[in-house]
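Observations on chain architecture
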Amino acid sequence: MVRKLFPKVMQMIIKYYVTPQGVQRKYLKKDFYFVITDNEIVLMDKLPNIDQLTIEICFKILRSENMLDEPTCKWGSVPHDIEVDIADDVQRLINATNSILRINSAELTEKYFESLLEEIKLIVTRTDFSLQQNALGSMFNSFSRSEADTVSILQDLTRVKAIADSEFVPDIESEKRERCSRLAMAVIDTFPNVLRDIIRSNISASDLYLCCTRFIYTLNPEQQANLRQLQYSNTYSSLDVTLIYKLLRQFNLISTQGWGAVPDKANTKLADDIERIRFHRNQIAHRCDTNIDTNLFDDYFDKFQEIARRMDLIFFQKTNYEQQIIGHRTRRIDTKLQKKYENAMKEIENIQCKA
């Protein structure tokens, strides 16, 4: 059961939830955040063939991909009898594997054997039902009836490793980097477009350039070059959050009682949200190398979504900023995309340090 049936259960779950081709793609891109042993590398090199993947490497893949909801009892615990989702049964397989590997001959009673065999039968029956098949039940029945080469099986069993849940403690550093990258997506992709729409609705790019000619030389060279593009492109795509904020203040394009202060939560006018965008952008640029825990991450995105919702209303639902923010918060991102936004945020921070 441990050598052949348990790995097959896990392999079929991977086929159903992830696909072997998807696993191979992430492996080739080095996009897994867990340690792969030398023996596991040999097996992973054979992808998309997953027929030899062990229960341990299958467990790593499923957990890293978050394809399964965490068992009600939490990973590493013993599920209650009424907890019968696939994740619960995966935990039962892990527990059964470890129990079989650790038990001594004195503890291996008929009662233990019959109880564990019945539990395994229930696991494969539920898994077959969830995966809409009957292959695992057939394998279970075959193994239950087959003659066993005891010596060979026990020798093979010595090569099976007990699975410690501590090996699968989430990579806190990687999770922190991903949260920073998601915040960066909002800061880099959505916030500038919000401010571009605001300034566009108040003045054309060509008119704004004419207004800027009197003070353009007070800006840094990069900002001067970006402003000069206005006379040719007639769009605001060259302007970032910092420059647009400066222009809105310089020419009093937005009605406000004053610039530069973080507004109270109750203040939700357009100028208040412009200040929030500037403040959050600067704050995140300075702290994405520090710890962003899940509570802070959720707080940021809740605020971002509120701002985006108000902006969509201002522009009569012709924009989709709220949906963009939701996408930044939830979409799947790979390591290449994550690195892109990490580097972009470092550039923003460097610019601020030079200012």
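What counts, and where the lines are drawn
- Residues numbered from 1 in each chain as written.
- Predicted model: local features only at pLDDT ≥ 70, side-chain atom pairs only at ≥ 80, totals over all residues.
- Heavy atoms only, no water.
- Salt bridge = Lys/Arg side-chain N within 4 Å of Asp/Glu carboxyl O.
- Helix = DSSP H or I, 4+ residues; strand = E, 2+ residues; numbered from the N terminus.
- Buried < 20%, exposed > 50% of the residue type's maximum accessible area, 1.4 Å probe, protein only.
- 1 Å grid on protein atoms, 1.4 Å probe; cavity = no way out; pocket = protein on both sides within 12 Å on 5 of 7 lines; lining within 4 Å.
- Points joined across faces, edges and corners; volume = space filled by probe spheres on them.
- Nonpolar A, V, L, I, M, F, W, Y, C, P; charged D, E, K, R; others polar.
- Axes fitted to C-alpha atoms, helices over the stretch in contact; angles between N-to-C directions.
- Parallel < 35°, antiparallel > 145°, perpendicular 65-115°, else oblique.
- Contact = heavy atoms within 4.5 Å.
- Phe/Tyr/Trp six-rings, centres within 6.5 Å; stacked < 30°, edge-to-face > 60°.
- Core = buried A, V, L, I, M, F, W, Y, C linked by side-chain atoms within 4.5 Å.

Going by an unreviewed UniProt entry, the protein chain carries the name DZIP3-like HEPN domain-containing protein and comes from Mytilus galloprovincialis.

**Description of the pattern of salt bridges**
Evaluated as defined, the whole model comprises 15 salt bridges. For the salt bridge of Arg177 with Glu342, the shortest nitrogen-to-oxygen distance reads 2.7 Å. Taken together, the residues span a long stretch of sequence, with Arg177 in helix α9 (residues 172-200) and Glu342 in helix α17 (residues 335-354) at a distance of 165 residues. On the basis of relative accessibility, which here comes to 31%, the residue Arg177 falls in the partly exposed class. A relative accessible area of 14% places Glu342 in the buried class.

**Quick notes on empty space enclosed by the protein**
Using the criterion set out here, one finds one cavity of 30 Å³ or more in the structure. In this model, the largest cavity occupies a volume close to 30 Å³. Residue lining of the largest cavity: Thr190, Phe191, Val194, Phe304, Ile307, Ala308, Met311 and Ile325, and that is the complete set. Counting only elements with at least two residues in the lining of the largest cavity, the list comes to α9 and α15 (294-314). Per-element tally for the lining of the largest cavity: the top contributor is α15, with four residues. Class assignment for the residues of the lining of the largest cavity results in seven nonpolar, one polar and no charged.

**Here's the deal with unusual backbone geometry**
Following Leu47, the chain continues to Pro48 via a peptide bond in cis, the omega torsion being 10°. By secondary structure assignment, the location of Pro48 is in the loop between α3 (38-44) and α4 (55-64). Here Phe316, not a glycine, exhibits a phi torsion of approximately 55°, which is positive. As for its position among the elements, Phe316 is in the loop between α15 and α16 (321-330). By relative accessible area, which is 67% here, Phe316 ends up exposed. Positive phi, close to 65°, is recorded for Gln317, a residue that is not glycine. Summarising the element assignment, Gln317 is placed in the loop between α15 and α16.

**Things to note about the packing of helix α6 (residues 110-131) against helix α7 (residues 135-145)**
At a minimum axis distance of 7 Å, the contact between α6 and α7 shows a crossing angle of 155°. The angle between α6 and α7 falls in the class roughly antiparallel. From α6, Leu117, Ile120, Lys121, Val124, Thr127 and Asp128 reach across to α7, where they touch Ala135, Leu136, Gly137 and Phe140.

**Some thoughts on the packing of aromatic side chains**
Counted according to the given criterion, the structure contains eight aromatic pairs. Ring centres of Phe191 and Phe304 lie 5.0 Å apart, and the angle between their planes is 80°; this geometry places the pair in the edge-to-face category. Placement of Phe191 in helix α9 and of Phe304 in helix α15 is noted, with a sequence separation of 113 residues between them. Residue class for Phe304 comes out buried when judged on its relative accessible area of 1%.

**Observations regarding the nonpolar core**
Membership of the largest hydrophobic core comes to 54 residues, with the highest contact counts inside it found for Ile199, Leu208, Leu227, Leu247 and Phe304. Contributions of two or more residues to this core are made by α9, α10 (205-212), α13 (241-250), α14 (270-287), α15, α16 and α17. With eleven residues, α9 is the largest single contributor of residues to this core. Those residues in contact with Phe304 that lie beyond four places of it in its chain are Leu183, Ala186, Phe191, His280, Ile284 and Ile325. With 41 residues, the next largest nonpolar core counts Ile50, Val90, Ile123 and Ile163 among its residues.

**Section: the layout of surface pockets**
Considered as a void within the structure, the second largest pocket measures approximately 930 Å³ in volume. Forming the walls of the second largest pocket are 24 residues, and the residues nearest its centre are Met1, Val2, Phe113, Ala148 and Ile153. Its residues assigned to classes, the lining of the second largest pocket shows 15 nonpolar, five polar and four charged.

**Some remarks on the environment of Thr97**
Position of Thr97 relative to the elements: it lies in helix α5 (residues 86-102). For Thr97 and Leu183, which are 86 residues apart along the polypeptide, the C-alpha to C-alpha distance reads 41 Å.

**Let's talk about the packing of α15 against α16**
Close contact between α15 and α16 brings their axes to 7 Å; oriented N to C, the two are set at 160°. Of the possible angle classes, the one that applies to α15 and α16 is roughly antiparallel. Of the residues in α16, those in contact with Phe297, Asp298, Phe301, Asp302, Phe304, Gln305, Ala308, Arg309, Met311 and Asp312 of α15 are Tyr321, Glu322, Ile325, Ile326, His328 and Arg329. Looking at side-chain class alone, the contact of α15 with α16 contains eight nonpolar, two polar and six charged residues.

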